[in-house]
Each structure stands twice: as C-alpha cells, then as structure tokens.
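Each chain, letter by letter, is given below.
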Amino acid sequence: EILVKNCARCHAIDMTGNSPLAMSPPFRDVIKRYDASNLEEALAEGIVTGHNEMPEFTFETDQITAITAYVSSLKK
C-alpha cells in the first residue's frame, strides 16, 4: 500500500512491467544496484536524486522496514 500510494505513479513496483515515468527505475532494478541497508538509510534520511520531479517523502520506521523487505523480495 505504501508503494502504491507514494511510488507507483513513477516507478514499476512489481516483478514485471515498465515504470510509468521512463526515467524512474523499476524497484526490481533498484535493489540489484543498491544494498538493502543503503536503501533503508536513504529512506530514513531522505533520498537524494538527480532530478526535481521526485517529491520528498517521510516514512516511519515500520514503513521503512516494510518497504525494504518488499523491495528486497524483488531481487532475483
């Protein structure tokens, strides 16, 4: 639910499909590039991107844990 609400308008959040916004990597690719602990830290501190289109999000600790666990499950 968290990813559908906050991320899915730009990123593909499942095992298949393209991101709605071409410049936004699918989460299944993000977890291949970045260690889950780095993602957890970035979610806690605020993700820095090279573009202004990505809004700033604030997540609670339990949400960060859930997001990291889900995105990690996409890694093959």
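To keep things clear, this report deals only with the structure shown in the data block. (Residues numbered from 1 in each chain as written. Predicted model: local features only at pLDDT ≥ 70, side-chain atom pairs only at ≥ 80, totals over all residues. Heavy atoms only, no water.)

1. Quick look at the overall build of the protein chain
Each helix and strand counted, the protein chain has 4 helices and 0 strands in total. Against the 2.2 N^0.38 benchmark of 11 Å for 76 residues, the protein chain shows a C-alpha radius of gyration of 11 Å, consistent with a compact globule. In terms of its C-alpha atoms, the protein chain occupies a principal-axis envelope of roughly 30 × 30 × 25 Å. Here the contacts in the protein chain between residues at least 6 apart in sequence split such that 48% fall between residues at least 24 apart. Taken as a whole, the protein chain presents about 5,300 Å² of accessible surface, with 50% of it coming from carbon and sulfur. Treating the 7 positive side-chain charges of the protein chain as one cloud and the 11 negative ones as another, the clouds have centres 11 Å apart. (Helix = DSSP H or I, 4+ residues; strand = E, 2+ residues; numbered from the N terminus. Rg over C-alpha atoms; globule rule 2.2 N^0.38 Å. Contact = heavy atoms within 4.5 Å. Areas by Shrake-Rupley, 256 points an atom, 1.4 Å probe, with all protein chains shown as cover. Lys, Arg positive; Asp, Glu negative; His and termini not counted. Charge placed at Lys NZ, Arg CZ, Asp CG, Glu CD.)

2. Considering the packing of aromatic side chains
Aromatic ring pairs are reported here in terms of the distance separating the ring centres and the angle at which the planes meet. Under the defined criterion, the tally for this structure stands at 1 aromatic pair. Their ring planes at 25 degrees and their centres at 5.7 Å tell us that F57 and F59 sit as a pair that is stacked. (Phe/Tyr/Trp six-rings, centres within 6.5 Å; stacked < 30°, edge-to-face > 60°.)

3. Observations regarding the nonpolar core
In terms of nonpolar packing, the biggest core is built from 13 residues, with L3, F27, I67 and V71 touching the most fellow members. Contributing elements (two or more residues each) for this core: α2 (27-33), α3 (36-45) and α4 (61-73). Excluding residues within four positions of it along the chain, V71 makes contact with L3, F27, I31 and L39. (Core = buried A, V, L, I, M, F, W, Y, C linked by side-chain atoms within 4.5 Å. Buried < 20%, exposed > 50% of the residue type's maximum accessible area, 1.4 Å probe, protein only.)

4. A look at the side chain of S24
Note on placement: S24 falls in the loop between α1 (2-6) and α2. When residues no more than four places from it in sequence are discounted, the contact partners of S24 are C10, H11 and S19.

5. Quick notes on α4
The end-to-end C-alpha separation of α4 is 18 Å, in line with the 18 Å expected for 13 residues at 1.5 Å each. Listed in full, the buried residues belonging to α4 are I64, I67, T68 and V71. Angularly, the buried residues of α4 cover 95 degrees about the axis, an arc narrow enough to put them on a single face. In the core, the buried residues of α4 are packed alongside α1, α2 and α3. (Expected span 1.5 Å × (residues − 1). Arc of directions from axis to C-beta.)

6. Observations concerning the environment of L39
Of note, L39 is situated in helix α3. Residue L39 is classed as buried on the basis of its relative accessible area, which comes to 16%. Here the alpha-carbon distance between L39 and E56, two residues 17 residues apart in the chain, equals 15 Å.

7. Here's the deal with the packing of α3 against α4
The contact between α3 and α4 brings their axes to 10 Å, and the two run at 145 degrees. The handedness of the crossing between α3 and α4 comes out as right-handed. Each of A36, L39, E40, L43 and A44 in α3 lies in contact with α4, whose residues at this interface are I64, T65, I67, T68, V71 and S72. In terms of residue class, the contact of α3 with α4 is made up of 7 nonpolar, 3 polar and 1 charged. (Axes fitted to C-alpha atoms, helices over the stretch in contact; angles between N-to-C directions. Left-handed = near helix turned anticlockwise from the far one by under 90°. Nonpolar A, V, L, I, M, F, W, Y, C, P; charged D, E, K, R; others polar.)

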